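Structure at a glance
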Amino acid sequence: MKFTWFHLMPYRFLPDDFKKKYHSVWVDIPRDLYDPKVGHRLYNDYLDQLEFADHMGFDGLGVNEHHQNAYGLMPSPNIMAAALTRRTRNANLVVLGNSIALYNPPVRVAEEFAMLDVLSGGRLVAGFPVGTSMDTNFCYGEVPATLREKYFEAHDLIIRAWKENDQFAFNGKFTKLRYVNLWPKPLQQPHPPIWIPGGGSVETWDFVADHDYQYSFLSFFGYKAGKKVADGYWNVMAKKGKELNPFSLGFAQVVAVAETDEQAERDYAKHMDYFYNRCLHVYPGFADAPGYRTPSTIKAGLTGQVGKNASITREGLTWKDFIDDGYVIAGSPATVRDRLREALKTLNCGHLMILQQIGSMPPELVRKSTDLFAREVMPHLRDLWPGFEDKWSPHRLPANEMAVPAPISFEPPITNGKTQRRGASEIRSSVK
Amino acid sequence: MKTHQKLCDGKFSVEMEVVGKGEPLLFLHGAGGLTGADPFLEDLGRNFKVYAPHLPGYGESTGGEHIDDVIDAALFYHELMDELKIPSANLVGHSMGGMLAAEVAALDTRRAKKLVLVGSAGFWLDDNPIPDLFAADLDDLPAMLFHDPKSPLAQMMLAMPWDDQELLTAMYVERVKRFSAASKFLWPIPDRGLKKRVYRIAAPTLLLWGESDKVIPPVYAREFHKHIRNSRVHTIKQAGHMVMYEQPAEFDKVVTEFLMS
C-alpha cells in the first residue's frame, strides 16, 4: 500500500458569511479577499507541511492545478514541485497534474515535467487531468465542445515528444509545430509514470485502460460515494481483460487523526465545515459548461462533485454526517486504521491520496494529524496488496547518484541594505 | 412539414421544418434552437416558403463534428441552399443564427437576396458586454430573455418538468448537445471576426431588435448598422431577446413588409 500526502493549498481565511454573501469560491471570487502577505505565510506553511510528510515517510507528495479560486492556490503546481525538489529527499513528487489542453503549445508541459524529473532525480509522477470546467472553460476560455479532443491531441504530442529520439513535425488540429525536439528529456525513460486524475467521466476509464495508466479518482465525498466510480473503472478494466491491480487506482480521502474520536471532533469539525461549505462553494453555473461532460457520462448518472445537487446535499451537515457518510475518515488511530482498511479494500485501491490539511486547518493540527497517521496508522496498512506489483511509481536514481544540495550558512548574517533577510534567524535556530 | 435531408455525401443529416409557399426564406435559429412550438414560422409561411433547418447538433440533425467554426457553419448553409435549389434566398437569422446568416451573406454576396438580423450576435462591445448565457442560472433566464418574464409565454417556454426525472434528463441532454454545438461560435466571447468580413454584405438588411433585449442590447443593432451599408434598424416595443415569440404580429408584419418591398 502506498500513500501520497496531498495538498490542495486552500486560502484559510475566507469570511464566516462567505457562503451566504459571495457568489462562488471559483472563477469570479472577489480579489479583495486575497491578501498576498497572508498568501506568503500560507505557501511557506504548506511547503513546510509537505516537507514534514517527506520526513515522516510518505511515498509521495501531491500537488495540483487550479485557477482563479480560494479552494486551491496553485495555478502552477510545477512551481510547488520545483520548490520541493531541493528540501525533500525521499518522497515522489506527484504532480496531479497539468491540464494539458490549456498549454500552447503543450510541449511546454513535456518540457517542465522533464525539468522536474531531472531536477528531482527521477521522482516525478506526471499527472494529466482534463481539468475542472471552472478552470478550463470559464477561467481559461476553452470551448467545451472541443476540450476533450484538444486534451487527447496534447497527450499524443507530449508522449511523442518524450518517446521519440529524433525530432519530428507535428501537424495537429490545435497545435502545429515544425520542430519538436525536446530538451531536456526526462530522467525516467521513456517518461515518468502517468496518472490520470478524474472526476468520474466514463471516457477517461477507457483512455486509462487503453494506455495502462493509473487512474486517480479525486473525490471529496469519501469512499462510500467513490465506490460507484471505482466499480465503473474496474468494470471497464475487467471488460478489457486488464489486471485488476490495486496500484492502478488512486483515491483521495480526507483523513484526520487525533488522540481519541472525541478529540478528533473537537479539533477538526470546524475545519471540515470550512472545506465543504466554503472551499467547495462553487456557483452551479460554473460547474459543468455544456459539452464539458459528454452525453454518455450524463446518462450514466454520474453527477459532478460541485454544483447545485452537490451543494444542496452538503447543506447543514454535521460532524457525525461527515463521518457516517464517509466524506471524512477521522478519529483515534485505531478508528482510522479500521475504517481506512475497509475503505481501501472496498475500492481495491493501492495508492491513497491522503488529505490531511483541509479547509482552515492550522499548521499545528496538520502536523499532529500527519504525525499520528505516519506513526500509528500507515505502518499497519502497509501489508495490503501483497503479490501485486506497483507499476505506477517512479524509478529514481540510486542513492549514490543523487545530487545533494550544498549546505547553506547564514553565519555571519547576510544583510540586504538595512534589512536582515527574513527567515535567517529561524534557520539559524534550527541549525543549532 | 418536417423533412430530413442528407448533405455532402451523408456527412450531414438535416432535420428541417418546411412551411408555406412563395419566395424562399431560410431561417437560422439561435443558440437555444427551435422549440417545437414556433408559430412565427407559420406566420411567415403565409407569404414565403420557409425553410428552418436545425443546425447539426440540434434536434435530429447530425454531423456537428464536421463543423469547427463559423466558416464551416456558413459553408454548411451554402451546401444546404444548393441542395434545396435555392442558391439565393431571403435570410432571417436570430441571435447566433443572425451571426451565421451574416457570415453566409458576407462570404458569398450572392447568397442573400435580403437579410434580416434579429437580436444578432457577432460583435463584442467592451462597454456593453453580452451576459454569459452559458453560465446563467435557470431562474434568471426569463428576465434575461423576455421583456416580461412573468408573462405566461415566458413561464411556459422555460418551464422544466421537475417531477419527471426521465424527461428532465432527456431535456438536459438535448440542452447540453445544443449549447455544446453553439459553444464553437460563442464561447467564451461571441466574436469570431465577423467585423473583418461584414463590410462585404451587399443585400438590403433589416436589423430587427426587441427594444428591451438584455442579451444583445439594441446598441448592437447600431453597430451592425455602422458596418452594413444598405441597412436600417427597427426596434419593436415591449419585446426582449425572444422578440418573435413575444410580439409575433408585429414581427411578422415588419419582416414581411421588408422582404416584399
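Note that the structure is predicted; figures quoted are calculated from it, not measured.

Looking now at the overall build of chain B. Counting its regular elements, chain B contains 10 helices and 8 strands. On C-alpha atoms alone, chain B measures out to a radius of gyration of 17 Å, which is about the 18 Å that the 2.2 N^0.38 rule sets for 261 residues. Along the three orthogonal principal directions, the C-alpha set of chain B runs to about 50 × 40 × 35 Å. Looking at the 261 residues of chain B, the share that counts as buried comes to 47%.

What follows concerns the confidence of the model for chain B. Taken over all residues, the pLDDT of chain B has a mean of 96, while the share at 70 or more is 100%. Scored as a whole, the predicted complex attains pTM 0.92, and scored at its interfaces, ipTM 0.91.

All names here are of chain B. Two numbers describe how helix α2 (residues 70-83) lies on helix α3 (residues 96-107): the axes approach to 9 Å, and their chain directions differ by 75 degrees. The angle between α2 and α3 places the two elements in the roughly perpendicular class. Of α3, the residues touching α2 (which contributes V70, A73, A74, Y77 and H78) are M99, L100, E103, V104 and L107. Taken together, the residues of the contact of α2 with α3 sort by class into 8 nonpolar, 1 polar and 1 charged.

Quoted interface sizes are often the accessible area lost when the parts come together. Listed per partner, the contact involves 13 residues of chain A and 16 residues of chain B. Taken together, the elements giving at least two residues each to the side of chain A that touches chain B come down to α6 (144-163) and α10 (295-299) of chain A. Per-element tally for the side of chain A that touches chain B: the top contributor is α10 of chain A, with 3 residues. The residue inventory of the side of chain A that touches chain B, partitioned by class, reads 9 nonpolar, 3 polar and 1 charged.

Within the largest apolar cluster, 201 residues are counted, with the highest numbers of intra-cluster contacts made by V95 and V255 of chain A together with L91, L100 and A105 of chain B. Among all residues touching L91 of chain B, those that are not within four sequence positions of it are L26, L28, A101, V104, A105, A112 and L115 of chain B.

With that out of the way, let us pick up the pairing of strand β2 (residues 60-63) of chain A. Of the two faces of β2 of chain A, both are covered, the one formed by G60 and G62 of chain A as well as the one formed by L61 and V63 of chain A. For the handedness criterion, the β-α-β arrangement of β2 of chain A, helix α3 (residues 77-87) of chain A and strand β3 (residues 92-95) of chain A is classed as right-handed.

Here the focus is the sheet that holds strand β3 (residues 23-28) of chain B. Two orientations exist for strands paired in a sheet by backbone hydrogen bonds: parallel and antiparallel. Residues and elements named next belong to chain B. The 8 strands are arranged β1-β2-β4-β3-β5-β6-β7-β8 in an open sheet whose pairing can be described as mixed. Of all the strands in the sheet, the pair left with one neighbour each is β1 (2-7) and β8 (231-236). Across the sheet, the mean angle separating the axes of adjacent strands is 25 degrees when strand polarity is ignored. In the sheet, strand β6 (residues 112-118) pairs with strand β7 (residues 205-210) via 4 bridges, with the strands oriented parallel. Each bridged residue has a counterpart across the sheet, and for V118 the counterpart in β7 is L208. Contacts between α2 and the sheet are confined to β1, β2 (12-19), β3, β4 (48-53) and β5 (89-94), with β1 contributing the most and set at about 110 degrees to the helix. Packing of helix α8 (residues 219-227) onto the sheet brings it into contact with β6, β7 and β8, and relative to β8 it is tilted by some 165 degrees.

Structurally, E262 of chain A can be placed in helix α9 (residues 261-279). In sequence terms E262 of chain A and G331 of chain A are 69 residues apart; their C-alpha atoms lie 7.2 Å from each other.

In this section: the confidence of the model for chain A. Of all residues in chain A, 92% attain a pLDDT of 70 or more, and the chain-wide mean is 92. Scored below 50 in pLDDT, residues 423-432 of chain A makes 5 contacts in the model with residues more than four places away or belonging to other chains.

About the cut-offs
- Residues numbered from 1 in each chain as written.
- Chains lettered and ligands numbered in written order.
- Predicted model: local features only at pLDDT ≥ 70, side-chain atom pairs only at ≥ 80, totals over all residues.
- Helix = DSSP H or I, 4+ residues; strand = E, 2+ residues; numbered from the N terminus.
- Rg over C-alpha atoms; globule rule 2.2 N^0.38 Å.
- Buried ≥ 20, exposed ≤ 12 C-beta atoms within 10 Å, placed from the backbone.
- pLDDT = per-residue confidence, 0-100.
- Axes fitted to C-alpha atoms, helices over the stretch in contact; angles between N-to-C directions.
- Parallel < 35°, antiparallel > 145°, perpendicular 65-115°, else oblique.
- Contact = placed C-beta atoms within 7 Å.
- Nonpolar A, V, L, I, M, F, W, Y, C, P; charged D, E, K, R; others polar.
- Core = buried A, V, L, I, M, F, W, Y, C linked by C-beta atoms within 7 Å.
- Right-handed = clockwise from strand over helix to strand, strands pointing away.
- Pairing = 2+ DSSP bridges.

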